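Structural features, examined
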Amino acid sequence: MIPRTISIETLPNEILHYILSYQSWFDMLTSFWSLNIRFNSLVRSIISINDNRLNTGLRITSDLPYNKCSTLFLLILKSSSLSSIQRIHFDETNSIASDLIYEWLFNHNNILNFPNLKSLILIRCGSIEPVVRSLFYLIEHQLDELTLAFDDTMFRDEYFHISENSSKVFNQRKRMCMIKQLICQLFSSQCHLTSLQMDLGHYLIDVDIDECLISNSVDYQHQSFCLTLRRLYIRIGNSWFLENIISQIPNLEQMSVQFHTTLRFDLSWKSNVEIMKQSNGNWLNKLPKLRYFSLKTFIDDDWEFIYLKWLLNNLNYVEKLQLHLKNDRLDERKSQEIWKSLIDANFIRQNCLPDRIKNLSNFDFYICSQRQLLFNDIEKITNSFKNHSFFLDHQWTNVNCFIDPIMLSQHIFSCFTNTFRFSHNFIKYSNVFNWPPIGDIWCNLHPSLSLILQGVNQLTPNLSCIKVYTRRNRSVDKSDFLMSLEILLKMRQYKGINIPFRNITKIQFGTHFDRISATSTTSIDRDQIREKVLAYLISMTAQLKYLLVERVEWLLHVVEYASDVLRTNALSTVQHAEFCFPSIHYTGDKKICDGRQFVPFLSKYMPHFQTLRLWRADDFPWTSTQHAAVFEQDLCQLVEKLKEFTFLDIYGEIHIEKVEPYRLMAQTRFPNSRIHVEVSKFRLWL
């Protein structure tokens, strides 16, 4: 019997919907849109599901090449039905999508192409002018929700020899001026957002942007504050910014605040300590509808604890409160009497809650402090909550406490509510492991690798990323890595490859990804323990896509010297990578620094490689000779060897005279690509 041919159009809608759901945006739209009314309806339904359930809508990332991304937008704009998209997500982690945001969102008549757009997400935004230009209109006339996080690397460049280049000073001032204008509008009557998530970034925290907020508050009679904002999630650098914005958002219901480092407050408060201690509920008139408050910060000394208490007393009417506090090792030169006391129920009640509690029904906390504790102290701490009248009355007695023996730090967190769905497995508490990069000052508060791996043994399938923290210019902690190596060996022997790490898609090995690390010579030597640990971590994964290794030499050493540990094809699934790449001017080792084997290495071990970010201390080419012709050879080799490659991002330093030759070379060689060249940055989106 001749088998009957089945046409795709004969399949029921349920099966077609399932098939199309697994297609990429580009493939689905270019292959199935406009075939007929039925397929148009199916495509629209999938977009609607993504838009509403997954909170992503149209997502633009480097996974889509530049020319395809442009084609996709043209297709969407020509299809009136698709213009109903309500959410757009520009993820610039591995792309330069935000550079195109204005020309994609607005037509030549400056009219918005997406009239139903309500939610916009901009992650690691690296282009100030087109983004701010778009947001000036969108936050006043279009959006309900905005998530905005600037890429601090563009500001980091300005701080690197900024005095040597007057154009850098001018560009920085121009960017800061635009950001000030945007913030001024965000907290004014010209903003109609209901939800705002904003990360100002590390290199913006010292910018004097409070003056625009002060000018708004002075103009109170003219209603120069935002009446629509209900939810605010913000990462800032000082407390006076927080004190200024609360006067601009009187209808706020939820507020989550994260300080980049410590609770930096106006030093004049120190002369009014008693007034601060006696303050209760003073913010009720400013934020009368606030019901939820979350704070995440470092507390350095007793003064900051006093300020924290003042802050909590001003918000003593909220119903839900979450606190995440950290502190480094005790310093005799500082006033730290509060941190010297035992962190138990009395400590929490006295320092982490308002004096007078009116409406509080949900309370959660996490505190990390470097100190030496005995294991008997853990039981004493947990029992203190079961014997304290306040916590007994509120039925807040379930507390977990553990010690990191490598980092000599104490972690204590509550299990009072179902907010985080705690269990005795401490690693489920995400705040222990998702603290932002904080540099060397508080590096000891990062969890040790062996502690993380002990939790992985019992972990649910929710863990997708492993981060291994390191100190700048220092060798790894031998005891931590030896313990980790023993744990990894047992995991591999008794649980196989795809069990404990079955959902890990990202490994970050190292903490400092910047140009300073690219100049270091202290961490490029071989370390057999480090090589084996990294080899085991990579080999335990089954779907590793993102690989960030602080020094590229560390990964090369794994392949060269730990091949007996590294699983065959363990790197074959990697699509995105980030490295600090050394310079011959700093290491004097041509074998390491010429980079001639770098692209062959990528093509051999990572055949599906798509995006690359490099940190360089000097010129952009990763071979030893520094001129446009050699750089052109490097780029051509990269694109020819890696067939799926879409995005290159290099941070280095060149003379201003090289900017135009590099730009012309890239433009000539890759005419259908997006190119951005500065004295400290080269970006190519193919």
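Residues numbered from 1 in each chain as written. Predicted model: local features only at pLDDT ≥ 70, side-chain atom pairs only at ≥ 80, totals over all residues. Heavy atoms only, no water.

Looking at an unreviewed UniProt entry, one finds the chain named F-box domain-containing protein, with Rotaria magnacalcarata as its source organism.

Looking at the packing of helix 25 (residues 628-641) against helix 26 (residues 659-669)
At a minimum axis distance of 10 Å, the contact between helix 25 and helix 26 shows a crossing angle of 35 degrees. Pair helix 25 / helix 26 crosses with right-handed handedness. For the pair helix 25 and helix 26, the contacting residues are Ala628, Phe631, Glu632, Leu635 and Cys636 in the first and Tyr662, Met665 and Arg669 in the second. Here the contact of helix 25 with helix 26 is composed, by residue class, of six nonpolar, no polar and two charged. (Axes fitted to C-alpha atoms, helices over the stretch in contact; angles between N-to-C directions. Helix = DSSP H or I, 4+ residues; strand = E, 2+ residues; numbered from the N terminus. Left-handed = near helix turned anticlockwise from the far one by under 90°. Contact = heavy atoms within 4.5 Å. Nonpolar A, V, L, I, M, F, W, Y, C, P; charged D, E, K, R; others polar.)

Describing the sheet that holds strand 14 (residues 506-509)
Spatially, 13-14-15-16-17-18-20-19 is the arrangement adopted by the eight strands of the open sheet, whose pairing is mixed. The open sheet is flanked by strand 13 (465-468) and strand 19 (674-678), the only strands paired with a single partner. Strand after strand, the sheet turns through a mean of 5 degrees between neighbouring axes, direction not considered. The pairing of strand 16 (residues 576-580) with strand 17 (residues 611-615) spans five bridges and is classified as parallel. When the sheet's bridge partners are listed, Glu578 is paired in strand 17 with Arg613. Most of the contacts of helix 26 go to strand 19, to which it runs at about 165 degrees, and overall it touches strand 19 and strand 20 (681-685). (Pairing = 2+ DSSP bridges.)

Thoughts on the pattern of salt bridges
On inspection of all chains with the given rule, the structure shows 14 salt bridges. Asp199 is paired through a salt bridge with Arg235; the nearest N and O atoms lie 3.3 Å apart. With a gap of 36 residues between them, Asp199 in strand 5 (residues 195-199) and Arg235 in strand 6 (residues 231-236) connect regions that are remote in the sequence. Take Asp199: its relative accessible area is 22%, and that puts it in the partly exposed class. Among the ionic contacts, a cluster of salt bridges with common partners joins Arg613, Asp649 and Arg683. (Salt bridge = Lys/Arg side-chain N within 4 Å of Asp/Glu carboxyl O. Buried < 20%, exposed > 50% of the residue type's maximum accessible area, 1.4 Å probe, protein only.)

Some remarks on unusual backbone geometry
Although it is not a glycine, Gln395 sits at a positive phi angle of roughly 60 degrees. Mapped onto the elements, Gln395 comes out in the loop between helix 16 (389-393) and strand 11 (399-404). Gln395 gets classed as exposed once you look at its relative accessible area, which sits at 68%. Despite not being glycine, Asn569 has its phi angle at roughly 65 degrees, a positive value.

Details of the side chain of Gln322
Here Gln322 shows up in strand 9 (residues 320-327). Take Gln322: its relative accessible area is 9%, and that puts it in the buried class. At 3.3 Å, the side chain of Gln322 forms a polar contact with the side chain of Tyr292. (Polar contact = N/O pair within 3.5 Å; in protein donor to acceptor, adjacent residues only side chain to side chain.)

Concerning helix 25
Helix length check: helix 25, at 14 residues, gives a terminal C-alpha distance of 20 Å against a target of 20 Å (1.5 Å per residue), a fit within 8%. Among the residues making up helix 25, those that are buried are Val630, Phe631, Asp634, Leu635, Cys636 and Leu638. (Expected span 1.5 Å × (residues − 1).)

Topic: helix 6 (residues 128-141)
Helical geometry: 3.6 residues make up each α-helical turn, so side chains three or four residues apart lie on a common side. Here helix 6 contains 14 residues, and its C-alpha end-to-end distance of 20 Å stays within 8% of the 20 Å for a straight helix at 1.5 Å per residue. The largest bend in helix 6 amounts to roughly 30 degrees and is located at Leu135. All buried positions along helix 6 are accounted for by Ile128, Pro130, Val131, Val132, Ser134, Leu135, Leu138 and Ile139. (Bend = angle between axes of the 7 residues up to and from the residue.)

Overview of the sheet that holds strand 1 (residues 58-60)
Taken in spatial order, the twelve strands make up an open sheet running 1-2-3-4-5-6-7-8-9-10-12-11, and their pairing is mixed. Strands at the two margins of the open sheet, each flanked by one partner only, are strand 1 and strand 11. Direction aside, the axes of adjacent strands within the sheet are offset by 5 degrees on average. Bridge count for strand 5 against strand 6 is five bridges, and the pairing is parallel. The residue of strand 6 that forms the bridge with Leu196 is Leu232. Contacting strand 1 and strand 2 (87-91), helix 4 (residues 66-78) crosses the sheet at an angle of about 155 degrees to strand 1. On the sheet, helix 15 (residues 375-386) packs against strand 10 (362-370), strand 11 and strand 12 (409-414) and is oriented at approximately 160 degrees with respect to strand 11.

Here we look at the nonpolar core
Formed by 112 residues in total, the largest nonpolar core has its most connected members in Leu120, Leu135, Leu146, Leu186, Phe187, Leu232 and Ile367. The contact partners of Leu146, leaving out residues within four places of it in the chain, are Leu120, Leu135, Ile139, Leu186, Leu193, Ser195, Leu196 and Gln197. Grouped together as the second largest cluster of nonpolar side chains are 67 residues, Ile507, Ala577, Leu642 and Val679 included. (Core = buried A, V, L, I, M, F, W, Y, C linked by side-chain atoms within 4.5 Å.)

Side note on the pairing of strand 5
Note that strand 4 (residues 145-150) and strand 5 share five bridges and pair parallel. By the bridge assignment, Ala149 is partnered in strand 5 with Asp199.

A word on the confidence of the model for the chain
A residue-level look at the chain finds 75% of positions with pLDDT of 70 or above and a mean pLDDT of 78. Confidence scores differ between elements of the chain, with helix 23 (residues 590-593) showing the lowest mean pLDDT of 50 and helix 14 (residues 345-351) the highest of 95. Ignoring residues within four places in sequence, the model shows residues 159-164, a span with pLDDT below 50, making ten contacts including any to other chains. Segment residues 418-443 is flagged for pLDDT under 50; beyond a separation of four residues in sequence, or across chains, it makes 69 contacts in the model. (pLDDT = per-residue confidence, 0-100.)

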